[in-house]
Structure formats: C-alpha cells, structure tokens
Amino acid sequence: MQILPTLKVQLLGALLGLCALSALASDAAPGTPEQPRHGGMSTIAALDVPRYMGTWFEIAKYPNWFQKKCKGGTKAEYRLQQDGTVQVINRCWLESGVMSEAIGTAKQVGSATSPRLKVRFAPAWLSFLPFVWGDYWVIDLDDQYQLVAVSEPSQEYLWILSRTPQVDPKAYNALLARLAQQGFDLSKLALTRHEDD
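How each quantity is defined
- Residues numbered from 1 in each chain as written.
- Predicted model: local features only at pLDDT ≥ 70, side-chain atom pairs only at ≥ 80, totals over all residues.
- Heavy atoms only, no water.
- Core = buried A, V, L, I, M, F, W, Y, C linked by side-chain atoms within 4.5 Å.
- Buried < 20%, exposed > 50% of the residue type's maximum accessible area, 1.4 Å probe, protein only.
- Helix = DSSP H or I, 4+ residues; strand = E, 2+ residues; numbered from the N terminus.
- Pairing = 2+ DSSP bridges.
- Expected span 1.5 Å × (residues − 1).
- Arc of directions from axis to C-beta.
- Contact = heavy atoms within 4.5 Å.

Caption draft 1: Structural context of the nonpolar core. One finds Y52, Y78, Y136, V138, V148 and L161 to be the most contacted residues of the largest nonpolar core, which totals 25 residues. Secondary-structure elements contributing two or more residues to this core are α2 (49-52), β3 (70-80), β4 (86-94), β5 (99-108), β6 (116-120), β7 (133-141), β8 (147-151) and β9 (158-162). A per-element tally of this core places β7 first, with three residues. Among the nonpolar cores identified, the runner-up in size contains 16 residues, and M41, A149, L176 and L179 belong to it.

Okay, structure coming up:
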C-alpha cells in the first residue's frame with residue numbers, strides 16, 4: 001500500500017481527529033459537562049488519556065476543506081509518548097486508491113484529566129506559534145471508550161469516531177440526540193465510507 005502525505009490531509013488531524021488525539025472521560029457519563037460553551041456546547045468532565053490511545057474510525061463529520069481529498073477509510077491512531085504528548089497519525093483513502101497519511105502531535109491543555117487538547121500538524125520547529133495548534137475538545141464519550149464526539153469552541157468542526165468501522169445504530173442515534181441538545185446541526189453531518197477496512 002502506498003502512503004502519500006499531503007498538506008491538506010496533514011491538517012486533517014489538527015481537528016480530526018480524526019480523528020485527532022488522546023483522552024477521554026474516565027468515569028464521566030456521556031455528555032457530562034465541564035464548562036458550557038457557545039450554543040450550549042460542553043466538554044466531558046474528565047479525560048483518561050492512556051485509555052483513549054489506539055485506533056479510532058471516523059464515522060461522520062462536518063465536511064471541511066482539509067479533508068476534501070479523503071474518499072473513505074478515514075481513521076486516526078493515537079500513541080502516548082514518553083514526554084506526555086500524543087502522536088497522532090491520520091489516514092484516509094484518496095480517489096486514486098492511494099492512502100494519505102498525516103502525522104502530528106497533540107497535548108492536553110490544563111490538568112491531567114482535561115478533555116481539551118491542542119493538535120499540531122505543522123513542523124515541530126513551528127510549534128512555538130499559537131496558530132499552528134488546533135483545538136480538539138472531547139464533548140461526548142461512552143463509558144467503554146467506544147464512541148466519541150470531538151469538536152472545538154466555534155462548533156465549526158465536528159467528528160464522530162468509533163473503535164470499529166461500523167457503529168451500533170442505537171448508540172449512534174443516542175449520541176446524535178445529545179449533540180443536538182448541545183446545538184449541533186445534524187443535517188450537516190456526512191457519513192464516512194469504510195468498505196476497505
């Protein structure tokens with residue numbers, strides 16, 4: 001399998017997640033708010049970063065410019081590093097059949113259980129610049145760490161990720177109901193294809 005890094009897909013992880021990064025509520029119930037935000041959006045109460053590590057498949061997202069070339073199979077892999085940061089590897093299939101890959105870094109903002117992260121896909125030597133870091137806020141997560149929703153303060157971006165390429169319809173619909181309560185426009189969600197996974 002050929003892997004092709006592209007700048008647009010590198011930015012894919014800055015928010016993605018995508019399917020972007022580490023950490024989720026430890027024993028918090030789904031949607032348990034930390035701090036209400038715009039339109040009523042809130043994060044989960046706490047994050048357990050080591051438990052969040054591993055592979056997450058993108059189930060749905062708000063379409064965005066930096067994932068335009070992704071035609072399916074979008075997933076993120078998070079790996080905890082010795083310095084406490086998280087390596088983020090985002091992959092997706094392009095129309096050409098080539099898999100595109102972007103590698104970035106995520107870090108928690110605040111306490112060791114903070115549900116707010118920052119993600120960078122720009123080169124490390126630019127990491128001192130605030131604008132190269134994107135917000136990655138965990139806003140919903142089930143107790144088993146199997147289904148998660150990630151967004152950011154403006155609610156311009158939204159990703160739904162799962163540990164498996166397919167998700168239980170009942171769990172998915174319950175998550176959508178909670179997202180609607182937080183002010184998200186569900187009509188904007190685009191489902192992700194996973195035929196090759």
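We are not done yet, so read on.
Caption draft 2: Representation of the pairing of β3. Sheet analysis places strand β2 (residues 54-61) next to β3, joined by four bridges and oriented antiparallel. Opposite W56, over in β3, you have A76 as the bridge partner. As paired elements, β3 and β4 share eight bridges and run antiparallel to each other. In the sheet register, Y78 faces β4, and the bridge partner there is V88.

Caption draft 3: Quick look at helix α3 (residues 169-181). Its 13 residues place the ends of α3 18 Å apart at the C-alpha level, agreeing with the 18 Å of an ideal helix rising 1.5 Å per residue. For α3, the full list of buried residues reads Y172, L175, L176 and L179. Each buried residue of α3 lies within a common arc of 105° when the element is viewed along its axis, so the set occupies one face. The outward face of α3, more than 90 degrees from its buried face, is lined by the exposed residues K170 and Q181. The elements touched by buried residues of α3 are β2, β7, β8, β9 and β10 (190-191). At the exit of α3 stands G183, carrying a positive phi of roughly 95°.

Caption draft 4: Seen up close, unusual backbone geometry. With phi around 60°, Y145 is a residue other than glycine that occupies positive phi space. Tracing the backbone shows Y145 in the loop between β7 and β8. Of the residues examined, Y145 reaches a relative accessible area of 1% and is grouped as buried. Of note, Q155 is a non-glycine position whose phi angle comes to about 60°, a positive value.

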